[in-house]
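Coordinate analysis (summary)
Next come the chains, spelled out residue by residue.
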Amino acid sequence: MSGMWGNKIKISIFGESHGNAIGINIDGLEPGFEINLDKVSSEMKRRAPGRNNLSTPRKEADEPEILSGFFQGKTTGTPLCAIIRNNNTKSKDYGKLKDIMRPGHADYTGKIRYNGFNDYRGGGHFSGRITASIVFAGAICKQILEAKGIKIVSHIKSIGTIEDKSFLDEKITEGFINSYMSKELPLIDELKEEAMRKEILLAKEELDSIGGTVECAVLGIEPGIGNPFFDSVESTLAHLMFSIPAVKGIEFGRGFELTQMRGSQANDSMYFSGEKVLTKTNNNGGILGGITNGMPVIFKVAIKPTSSILKSQNTVNINTGEETVLEVNGRHDPCIVQRALPVIEAATAIGILDLIEN
């Protein structure tokens, strides 16, 4: 099992959903950077469960304990390691799932890949719980990037078939960002909030779940970042995005919509703004040839519906070799899109910082 990623900024994650703790080791941080722990805590709270009726009632404080690499408020330059204790677990809810495979989860694939030795409780190492460690690392990387004038923001682009506006069609200013980022459902078009909320609660009422998309933007990034072919901006971010449980797709700029355009429509016309070269549109999402062009890097990821649902599902008992019907108990999100935003931003921050340091 590979829990390591990175070139200059190397991260290593560890732990299981119902184990004693989860954690992360970050190598490659420059010494002397002052970390604002209040900002880190704020990012952790954005991802944490149990805050409202749109998420799982499982409550976790998600308070990281920094074990090394941090002294007198600043990075030391040595590996920074932190753990997050698991306190509100109900492992007995997963006792019968040792042999009964949950549809949509990694129970079957994990059992086969690791010869049945994987911790199946709460999804074990495959659980979205592990993303709390990613958010911790990303919160630090975001602060380093902000000191360099780079800001990472996101919003809910869609829940089911209900669509929000796109960063590609809006002027992304500081005031614009601050107007929605602290909200329960961060949206550009606030008029869509009630419909999205109803869609999530309807899925919950029907013992089901719903998916959606998250759109993310990297602002203030200079042109010339990226290393084609295999460390391009797209391949770096895509690698990290697909490491996040529930992510099933990614597109940059207009993405698949570009396939329906002519070249004259898809190409971004260029112009001078003082000494800077900018484009009138951003159909390519701020990236050409795998390298940033100075426009905001904008991409969208697809988040599948939560796999754990209370509806009966057909599955198999891997021990007896029989088909069976599963009714999942426990505490689960009817929609994880709103909790995925800080995770997407965190993974983006890690990837962009690694590219800049290369």
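Residues numbered from 1 in each chain as written. Predicted model: local features only at pLDDT ≥ 70, side-chain atom pairs only at ≥ 80, totals over all residues. Heavy atoms only, no water.

Stated precisely, the cut-off is as follows: UniProt positions are given in the numbering used here, feature names are shortened, and annotations may be inferred rather than shown by experiment.
If you check an unreviewed UniProt entry, the protein appears there as Chorismate synthase from Clostridium lentum. Here is the UniProt Subunit (unreviewed entry) comment for the protein, exactly as written: "Homotetramer." UniProt annotates the protein under Catalytic activity (unreviewed entry) with the comment "5-O-(1-carboxyvinyl)-3-phosphoshikimate = chorismate + phosphate".

Thoughts on the sheet that holds strand β1 (residues 4-5)
Threshold: Note on pairing: two strands pair once DSSP finds at least 2 bridges between them. Secondary structure elements follow DSSP: runs of H or I of four or more residues count as helices, runs of E of two or more count as strands, with numbering from the N terminus.
One open sheet holds the 5 strands; their spatial order is β1-β2-β3-β7-β4, and the pairing between them is antiparallel. Of all strands in the sheet, those bounded by a partner on one side alone are β1 and β4 (64-68). Sheet topology places strand β3 (residues 21-27) next to strand β7 (residues 80-85); 6 bridges connect them, and they run antiparallel. When the bridges of β7 are listed, I22 appears paired with I84.

Here's the deal with the side chain of D268
Let me state the cut-off plainly: Relative accessibility under 20% of the residue-type maximum defines a buried residue, over 50% an exposed one, and the middle range a partly exposed one, all with a 1.4 Å probe and only protein chains included. Charged residues are defined narrowly, with Lys and Arg counted positive, Asp and Glu counted negative, and His plus the chain ends left uncounted. Salt bridge, as used here, is a side-chain nitrogen of Lys or Arg placed within 4 Å of a carboxyl oxygen of Asp or Glu. We call two N or O atoms a polar contact when they sit within 3.5 Å, provided that within protein one can donate a hydrogen and the other can accept it, with sequence-adjacent residues counted only if both atoms are side-chain atoms. What makes two residues a contact is simply this: any of their non-hydrogen atoms within 4.5 Å.
Looking at where D268 falls in the secondary structure, it is placed in the loop between α7 (263-266) and β12 (270-273). Despite its burial, D268 remains without a salt bridge, the nearest opposite charge being carried by R254 at 7.2 Å. Within the local environment of D268, its side chain forms a polar contact with the side chain of T281, the two groups lying 2.5 Å apart. Dropping the residues within four chain positions of it, D268 is found in contact with T279, T281, N282, N283 and N284.

Some remarks on the nonpolar core
For the record, the criterion: Take the buried Ala, Val, Leu, Ile, Met, Phe, Trp, Tyr and Cys residues and link them wherever side-chain atoms come within 4.5 Å; each set so joined is a nonpolar core.
One finds I26, F136, I140, M241, F299, V301 and I344 to be the most contacted residues of the largest nonpolar core, which totals 69 residues. When neighbours within four sequence positions are excluded, F136 is seen to be in contact with I24, I26, V40, M44, P64, I66, L80 and A82. In terms of nonpolar packing, the next biggest core, distinct from the first, is built from 12 residues, V153, F167, L168 and I188 among them.

Quick look at the UniProt feature "binding site: NADP(+)" (unreviewed entry) in the protein
Here, UniProt's "binding site: NADP(+)" (unreviewed entry) annotation points to R47. Structurally, R47 can be placed in helix α1 (residues 37-47). When residues no more than four places from it in sequence are discounted, the contact partners of R47 are D62, G128, R129, T131, A132, V135, R339, P342 and V343.

Considerations on the pattern of salt bridges
The final tally for this structure, using the stated rule, is 19 salt bridges. When the shortest N-O distance is used, the salt bridge between E146 and K151 registers 4.0 Å. Of the residues examined, E146 reaches a relative accessible area of 33% and is grouped as partly exposed. Linked through salt bridges whose partners overlap, the residues forming this network are E43, R46, K142 and E345.

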